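Coordinate analysis (summary)
Each chain, letter by letter, is given below.
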Amino acid sequence: MTFIFAHRGSAGTHPENTMEAFLQAERAGADGIELDVQLSKDGEIVVIHDETVNRTTSGKGFVKDFTLAELQNLDVRDRFGVAGKLRIPALKEVFGWLKTNRLLCNIELKTAKISYPSIEEKTVALIKAYQLEERVIFSSFNHYSIIHCYRLAPEIEIAPLYSEMLFMPWVYAKSIRAGGIHPRLVTTSDQIIQTAMENGIAVRPYTVNTEKDMRRLFEIGCTAIITDYPEMAERIRKEYE
Ligand code: G3P
Ligand code: MG
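Residues numbered from 1 in each chain as written. Chains lettered and ligands numbered in written order. Predicted model: local features only at pLDDT ≥ 70, side-chain atom pairs only at ≥ 80, totals over all residues.

**Notes on the site of ligand 1**
- Around ligand 1, a shell composed of His-7, Glu-34, Asp-36, His-49, Glu-108, Ser-139, Leu-161, His-182, Tyr-206 and Ile-226 is seen.
- Taken together, the residues that form the shell around ligand 1 break down as 3 nonpolar, 4 polar and 3 charged. (Near = placed C-beta within 6 Å. Nonpolar A, V, L, I, M, F, W, Y, C, P; charged D, E, K, R; others polar.)

Set out below in structure tokens:
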């Protein structure tokens, strides 16, 4: 069975990377969530996609220039009409909630544009404190960052993110001891997915948002999909059970 990872929570139906989006992923029947992390001024791991707060909140400026308390004072923008005040979550809040369910968590380290001091050490320490090693997958477009995580905690799976057409990505994945690859959907073919899986590498393409692509990946038994629409994916997946 292909697993469903809810991208930034359930970004197609709820404000991305908020607790409300993660709760929706659970309600929708997803197997896991994908979220993005950056570091605040006071060294807290926070869940937000961009390096700045400009697009998704009422504030302006770089995440790294706000303390956690300041970040959590900002209002997260909502185009979906979700009730109540929406806040940027700290990763530890998401972990507290993960302890109440069995969901997997793909943590994408946003270290490709800004290098956050010790974000890998801090994230690994938090995963260990919550004993979530077996439920976390690290990914990043900065492959040095996930290799760093592997050196700190080889028991936690790492998976490189990439958006270009790599040649034999399973060979590369094995060379860095990754358990999976997270390719951009358009750079994968059924052949690449199947060969990677035959070579023991999990394949979780992003972002799989159309019914056609979901069906194609369910039919070939792709390891997982990362989607903004976990509810739709779950409805379609049921047809293949
Ligand atoms: O992890 C998959 C996907 O989230 C990577 O791209 O920009 O949505 O974080 P982005
Ligand atoms: Mg992401």
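Here the narrative resumes, following the displayed structure.
**Examining helix 1 (residues 19–28)**
- Turning to helix 1, its buried residues number three or more, namely Glu-20, Ala-21, Phe-22, Gln-24, Ala-25 and Ala-28.
- Residues of helix 1 that are buried in the fold lie against strand 1 (3–7), strand 2 (32–39), helix 3 (91–98) and helix 9 (230–238).
- Of the residues flanking the end of helix 1, it is Gly-29, one or two places downstream, whose phi is positive at about 95°. (Buried ≥ 20, exposed ≤ 12 C-beta atoms within 10 Å, placed from the backbone. Helix = DSSP H or I, 4+ residues; strand = E, 2+ residues; numbered from the N terminus. Contact = placed C-beta atoms within 7 Å.)

**So, the pairing of strand 6 (residues 157–162)**
- Burial runs high along strand 6: 5 of the 6 residues are buried.
- Here 4 bridges tie strand 5 (residues 136–140) to strand 6, and the two strands are oriented parallel to one another. Note on strand 6: the bridge partner recorded for Ser-140 is Pro-160.
- Each parallel crossover has a hand, and the one from strand 5 via helix 5 (residues 143–152) to strand 6 is right-handed.
- The pairing of strand 6 with strand 7 (residues 180–183) spans 2 bridges and is parallel. Along strand 7, the bridge assignment pairs Leu-161 with His-182.
- Read from strand 6 through helix 6 (residues 169–175) to strand 7, the crossover connection turns out right-handed. (Pairing = 2+ DSSP bridges. Right-handed = clockwise from strand over helix to strand, strands pointing away.)

**Some thoughts on the UniProt feature "domain: GP-PDE" (unreviewed entry) in the protein**
- Mapped onto the present numbering, the UniProt feature "domain: GP-PDE" (unreviewed entry) falls at residues 2–237.
- Note that residues 2–237 is 33% helix and 18% strand, and that its end C-alpha atoms are spaced 8 Å apart. (UniProt positions renumbered as here; feature names shortened; annotations may be inferred.)

**Here we look at the pairing of strand 5**
- The element strand 5 is extensively covered by neighbouring structure, given that 5 of its 5 residues are classed as buried.
- Side chains of strand 5 alternate between two faces, with Val-136, Phe-138 and Ser-140 and Ile-137 and Ser-139 buried alike.
- Looking at chain direction, strand 4 (residues 104–109) and strand 5 are connected through 4 bridges and run parallel. Residue Cys-105 lies in a different strand from strand 5, and its bridge partner there is Val-136.

**As for the nonpolar core**
- Core analysis: the largest hydrophobic core is formed by 64 residues, its most contacted members being Val-46, Phe-138 and Ile-225.
- For Val-46, the residues in contact, after removing those within four places along its chain, are Val-37, Gln-38, Ser-40, Val-63, Leu-68, Leu-71, Ile-88, Ala-90 and Leu-91. (Core = buried A, V, L, I, M, F, W, Y, C linked by C-beta atoms within 7 Å.)

**Brief notes about the packing of helix 8 (residues 211–219) against helix 9**
- Interhelical geometry of helix 8 versus helix 9 gives an angle of 50° and a closest axis separation of 10 Å. Relative to helix 9, the element helix 8 is oriented oblique. Remark: the crossing between helix 8 and helix 9 carries right-handed chirality. On the side of helix 8, the interface is formed by Glu-211, Met-214, Arg-215 and Phe-218, while helix 9 contributes Ala-233, Ile-236 and Arg-237.
- Considering only residue class, the contact of helix 8 with helix 9 consists of 4 nonpolar, no polar and 3 charged. (Axes fitted to C-alpha atoms, helices over the stretch in contact; angles between N-to-C directions. Parallel < 35°, antiparallel > 145°, perpendicular 65-115°, else oblique. Left-handed = near helix turned anticlockwise from the far one by under 90°.)

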